[in-house]
Amino acid sequence: MISLPDDFLSELRNILGSDTEEYISRFSDEPYKGISVNRLKAQPEKLLPLLPFDTEKSPFYRDGYYYNGDAQGIGRHPLHHAGAFYVQEPSASSAVTLLDPHSGDKVLDLCAAPGGKSAQIASCLGGSGLIWSNEIVKSRAQILLSNFERMGIVNGVVSSCYPETLCCRLEGFFDRVLVDAPCSGEGMFRKDRDAIAHWSREHVRACAERQLSILDSACKALKNGGVLVYSTCTFSYEENEGVIKEFLRTHEDFEPYPSNETFGRKTELPCAVRITPIEGGEGHFAARLRRLGRTEEAAPIKKKPDSRADEIAGLLSDIFSVIPDGEIRVMSNKVFIIPALMPDAVNAGVIRAGVFAGELKKGRFEPAHALFASASPKQLNNVLDLRLGDDRLKQFLQGMELECDLPSGYAGVAVEGVMIGFGKCSGGRLKNKYPKGLRLL
């Protein structure tokens, strides 16, 4: 029998009322599990039939699906390696649905690691606009960057910076800002029983103070007329409605901005929704606000072309039939393809902007894994496209050389038409370039 803190239950009864006992009874059920499809890599109708587990549509996101909790080894599946989907608790996807990013938007995900919501945003943007994802803890920012590369995000920036510093540097720049704030994690209780032991009223109060501070910073980065979504994975009134009400009290240039979504349970705030296991998710809260006023369209960002851009484009043409979009930049012989909307961001803690394309070594270009992971097969001159049942696919993921009949030179490797990596062909063999840290053991 699960034992929940009395203080937690007392507050929960104020929030859920007569549904509290049903919530408690669900602790004997399996937690909800889900995936989000990444349209940068695959369309749901093509991907889902290829997966070795059954899926059911989630109500929280256009490309969100439940999967059976008995499914094993999902993170080892080749299409997961290829970034075709992201494993994500279903209700966590609801915040991006409320954010509602559109093609061409500039979007900030301020507390982004490990990257599930950023991956959703990038999928919605479809390679246009800009997704800037920040994580203050550098070790977690590296995980975020790894997921950016796996998901094939070309129009993204990963940074590790204090919210106040970053949002002042980029004041008024973004169309939409997501604050998925650190919280007391009450929505994790069914998945992680250790979270129950760490819960306290003092921790809830400390979280609420920090959340309000993060929102105070985040709003500076939003342009007039822009949309701000605040979300947590906790049920706490103090961390949810309490934070939003206090923010609105002290920021008269913001207003509640209700959506037409019908999932979850309504709250006293018309712009907010709460999700519990009763509504089909582990636990999430999200509120949508809008900054008042109108902003004139900003002039296009102009950059001085890199003097070596034409040279690099020529080298890339040996690999690509269609050169990737973006600004080519060479820094210390490392080649990057920078998003066209990348702002001047000095001292903003940028770890990576755009795609790391490769390195110049003694007059030759050595491409990087991220360059191929962000490409589509139709962009490349040569691709080895493997089916899921092909023994060479597992061999590739293990770092082994493969047999192939492609011309000599670099070639992409795909699984069911989804790019997963690359190698170098010579004499009927493909020398494997799949990164060691990603290989199957």
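One can find the structure itself at the top, above this paragraph.
All of these numbers come straight from a predicted model, not from anything done at the bench.

What the 4 strands build is an open sheet, ordered β14-β15-β17-β18; its pairing is antiparallel. Two strands bound the open sheet, and with one partner strand each, they are β14 (327–331) and β18 (364–367). Across this sheet, the average inter-strand angle for adjacent strands is 30°, counted without regard to direction. Where strand β15 (residues 334–338) lies against strand β17 (residues 355–361), 4 bridges are found, and the strand directions are antiparallel. Each bridged residue has a counterpart across the sheet, and for valine 335 the counterpart in β17 is glycine 358. Docked against the sheet, helix α12 (residues 309–316) engages β14, β15, β17 and β18, running at close to 105° with respect to β14.

In this section: the side chain of glutamate 11. When you line up the elements, glutamate 11 lands in helix α1 (residues 6–16). From its side chain, glutamate 11 meets the backbone nitrogen of tyrosine 237 in a polar contact 2.9 Å long. Ignoring anything within four residues of it in the chain, the contact list for glutamate 11 reads Arg201, Ser236, Tyr237 and Glu238.

It is worth spelling out empty space enclosed by the protein at this point. Under the defined criterion, the tally for this structure stands at 2 cavities of 30 Å³ or more. Taken as a whole, the largest cavity encloses approximately 80 Å³ of empty space. In this structure, the largest cavity is lined by 13 residues; those nearest its centre are Phe148, Glu149, Ile153, Gly354 and Val355. Breaking the lining of the largest cavity down by element, the ones donating at least two residues are α7 (138–151), β7 (156–159) and β17. Here the lining of the largest cavity takes 3 residues from α7, the largest share from any one element. In the lining of the largest cavity, the residues fall into 7 nonpolar, 4 polar and 2 charged. What the second largest cavity holds in volume is close to 40 Å³. What lines the second largest cavity is simply Ser36, Val37, Asn38, Tyr61, Tyr86, Gln88, Gly116, Ala119, Gln120, Ser123 and Met151.

On inspection of all chains with the given rule, the structure shows 15 aromatic pairs. Pairing phenylalanine 396 with tyrosine 434 gives two aromatic rings, centres 5.3 Å apart and planes at 50°, and the pair type is tilted. With phenylalanine 396 in helix α14 (residues 391–397) and tyrosine 434 in the segment after β23 (429–432), this residue pair connects regions lying 38 residues apart in the sequence. The class for phenylalanine 396 is buried, based on a relative accessible area of 0%. Measuring from ring centre to ring centre gives 6.0 Å for tyrosine 410 and phenylalanine 422, while their planes differ by 50°; the resulting arrangement is tilted. Remark: phenylalanine 422 occurs in strand β22 (residues 418–426) and tyrosine 410 occurs in strand β21 (residues 409–415); sequence separation between them is 12 residues. There is no split in this pair, since tyrosine 410 and phenylalanine 422 are both buried. Put simply, the rings of Phe8, Tyr23, Phe27, Phe189, Trp199 and Phe235 touch in pairs and so form one group of aromatic residues. Over the aromatic face of phenylalanine 173 sits the side chain of lysine 106, whose NZ or CZ is 5.1 Å from the ring centroid. Sitting above the plane of the tyrosine 257 ring, arginine 290 keeps its charged end 4.1 Å from the centroid.

The rules behind each value
- Residues numbered from 1 in each chain as written.
- Predicted model: local features only at pLDDT ≥ 70, side-chain atom pairs only at ≥ 80, totals over all residues.
- Heavy atoms only, no water.
- Pairing = 2+ DSSP bridges.
- Helix = DSSP H or I, 4+ residues; strand = E, 2+ residues; numbered from the N terminus.
- Axes fitted to C-alpha atoms, helices over the stretch in contact; angles between N-to-C directions.
- Contact = heavy atoms within 4.5 Å.
- Polar contact = N/O pair within 3.5 Å; in protein donor to acceptor, adjacent residues only side chain to side chain.
- 1 Å grid on protein atoms, 1.4 Å probe; cavity = no way out; pocket = protein on both sides within 12 Å on 5 of 7 lines; lining within 4 Å.
- Points joined across faces, edges and corners; volume = space filled by probe spheres on them.
- Nonpolar A, V, L, I, M, F, W, Y, C, P; charged D, E, K, R; others polar.
- Phe/Tyr/Trp six-rings, centres within 6.5 Å; stacked < 30°, edge-to-face > 60°.
- Buried < 20%, exposed > 50% of the residue type's maximum accessible area, 1.4 Å probe, protein only.
- Lys NZ or Arg CZ within 6 Å of the ring centre and 35° of its normal.

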